[in-house]
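# Examination of the molecular architecture
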Amino acid sequence: HLVNPVLLKELRGMLREPRGWLVPMAYATLLASAAAIFLVPQLISPKGDNTGWFGELLVGLVAVIQAIAVVIFAPLVGAATIAGERERGTWLSLLGSSVPRHQIATGKIIAACLYVLLLLGVSAPLAGLAVLLGAIDVSTVTGLYVAHAVVGCSLACLGVAISTLFERTWAAALAAIATAGALSVFTGTLYVAGAAILEQLSNPPGSGHDHVDYVVQ
């Protein structure tokens, strides 16, 4: 096969199922609503030139909301792959087909990662508008999207791995979300702790401008 048949099957399924287009639409609506909440008051009562401020707002919305969406939806997409096959009763027939096992695994993983990249592309117009407003440069936006893509694909692979342990999609989804949430909290805790340690090392006690004068009597 020139193209992985499992990958084609997964992509066709995503296009036919409602979740394939409902999730990106819901994400786009959320981003647009969040931007409108801050933009409408400025349009009603403008206070000078706020283009730079609005561009920075768009960057913040994309960075925060997209990170949350990646942590939630990426493991869900992966969790629905193999557990969904078992729930529909098609997993054993897929294993018994002529498709090699490694193609089954790679097809599932690539399809999940492509769906994550689709979600990331939804916010691209807002990020492009922020670049046009001069709030951020292209290299910074590229770095943000690359970081989100790496995290999203990693969490999607995690969801696929967790999906192999469950017979039901809802159970695999709950386990994947819980694991992704725990990893996010753990990573955030390490980051905060590391930043605090580095700050202490760079500014050790007694290295400031406080001097104690001793008077020798």
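Calculation rules
- Residues numbered from 1 in each chain as written.
- Predicted model: local features only at pLDDT ≥ 70, side-chain atom pairs only at ≥ 80, totals over all residues.
- Heavy atoms only, no water.
- Helix = DSSP H or I, 4+ residues; strand = E, 2+ residues; numbered from the N terminus.
- Contact = heavy atoms within 4.5 Å.
- Salt bridge = Lys/Arg side-chain N within 4 Å of Asp/Glu carboxyl O.
- Buried < 20%, exposed > 50% of the residue type's maximum accessible area, 1.4 Å probe, protein only.
- Core = buried A, V, L, I, M, F, W, Y, C linked by side-chain atoms within 4.5 Å.
- Patch = residues over 30% accessible without salt bridge, like charges linked within 9 Å, V, L, I, M, F, W, Y side chains within 5 Å.
- Areas by Shrake-Rupley, 256 points an atom, 1.4 Å probe, with all protein chains shown as cover.
- Expected span 1.5 Å × (residues − 1).
- 1 Å grid on protein atoms, 1.4 Å probe; cavity = no way out; pocket = protein on both sides within 12 Å on 5 of 7 lines; lining within 4 Å.
- Points joined across faces, edges and corners; volume = space filled by probe spheres on them.
- Nonpolar A, V, L, I, M, F, W, Y, C, P; charged D, E, K, R; others polar.
- pLDDT = per-residue confidence, 0-100.

## Let's talk about the side chain of His148
Turning to its location among the elements, His148 is positioned in helix 7 (residues 138-163). Beyond its immediate chain neighbours, meaning those up to four positions away, His148 contacts Val62, Ala63, Gln66, Ala67, Val70 and Leu120.

## Examining the pattern of salt bridges
Tallied over the entire structure, the rule returns six salt bridges. For Arg88, the salt bridge identified is with Glu85, shortest N-O distance 3.8 Å. Within this pair, Arg88 and its partner Glu85 are both found in helix 3 (residues 51-88), separated by three residues, close to a single helical turn. A relative accessible area of 51% places Arg88 in the exposed class. Across the pair Glu85 and Lys108 runs a salt bridge, and its minimum N-O distance is 2.6 Å. One end of the pair, Glu85, is in helix 3; the other, Lys108, is in helix 5 (residues 101-122), and 23 residues separate them in sequence. Its relative accessible area of 1% is what places Glu85 among the buried residues. When salt bridges that share partners are traced, they join Lys9, Glu10, Glu85, Arg88 and Lys108 into one network.

## Thoughts on the nonpolar core
Side chains of nonpolar character tend, in soluble globular proteins, to be buried together. Ranked by size, the top nonpolar core spans 33 residues in total, and within it Leu58, Leu61, Ile65, Tyr115 and Tyr145 carry the most contacts. Listed by contribution, the elements that provide at least two residues to this core are helix 1 (5-16), helix 2 (19-44), helix 3, helix 5, helix 6 (124-132) and helix 7. The dominant element in this core, judged by the number of residues it contributes, is helix 3, at ten residues. Beyond its immediate sequence surroundings of up to four residues, Ile65 is in contact with Tyr27, Leu30, Leu31 and Ala34. The next biggest cluster of nonpolar side chains, apart from the first, holds seven residues, and it includes Ile82, Trp91, Val99 and Ile104.

## Some thoughts on a nonpolar patch on the surface
Together, Val64, Ile68, Ile72 and Ile177 give the surface a local cluster of nonpolar side chains, amounting to about 310 Å² of exposed area. Here the nonpolar patch gets three residues from one element, more than from any other, and that element is helix 3. Relative to the helices and strands, Ile68 resides in helix 3.

## Side note on helix 7
Residue pairs three or four apart in sequence face the same way in an α-helix, which turns once every 3.6 residues. When the terminal C-alpha atoms of helix 7 are compared, their 37 Å separation across 26 residues agrees well with the 38 Å that a helix rising 1.5 Å per residue should span. When we look at burial in helix 7, the residues that qualify are Val141, Tyr145, His148, Ala149, Gly152, Cys153, Leu155, Ala156, Gly159, Val160, Ile162 and Ser163.

## Details of the layout of surface pockets
A volume near 280 Å³ is recorded for the largest pocket. Along its surface, the largest pocket is lined by 16 residues, and Glu10, Gly13, Glu17, Arg19 and Arg88 are the ones closest to its centre. Those elements that place two or more of their residues in the lining of the largest pocket are helix 1 and helix 3. The residue inventory of the lining of the largest pocket, partitioned by class, reads three nonpolar, four polar and nine charged.

## A closer look at helix 5
Here helix 5 contains 22 residues, and its C-alpha end-to-end distance of 33 Å stays within 8% of the 32 Å for a straight helix at 1.5 Å per residue. If you check which residues of helix 5 are buried, you get Gln103, Ile104, Gly107, Lys108, Ala111, Ala112, Cys113, Tyr115, Val116, Leu119 and Leu120.

## A short note on the confidence of the model for the chain
Mean pLDDT over the chain stands at 84; residues scoring 70 or higher make up 88%. In the model of the chain, helix 2 stands out as the element of lowest mean pLDDT, 81, in contrast to helix 7, which has the highest, 93. Every residue in residues 209-217 is under pLDDT 50, and counting partners more than four places away or in other chains gives zero contacts.

## Here we look at the environment of Trp21
Its location among the elements puts Trp21 in helix 2. Trp21 gets classed as partly exposed once you look at its relative accessible area, which sits at 44%. For Trp21 and Leu119, which are 98 residues apart along the polypeptide, the C-alpha to C-alpha distance reads 9.9 Å.

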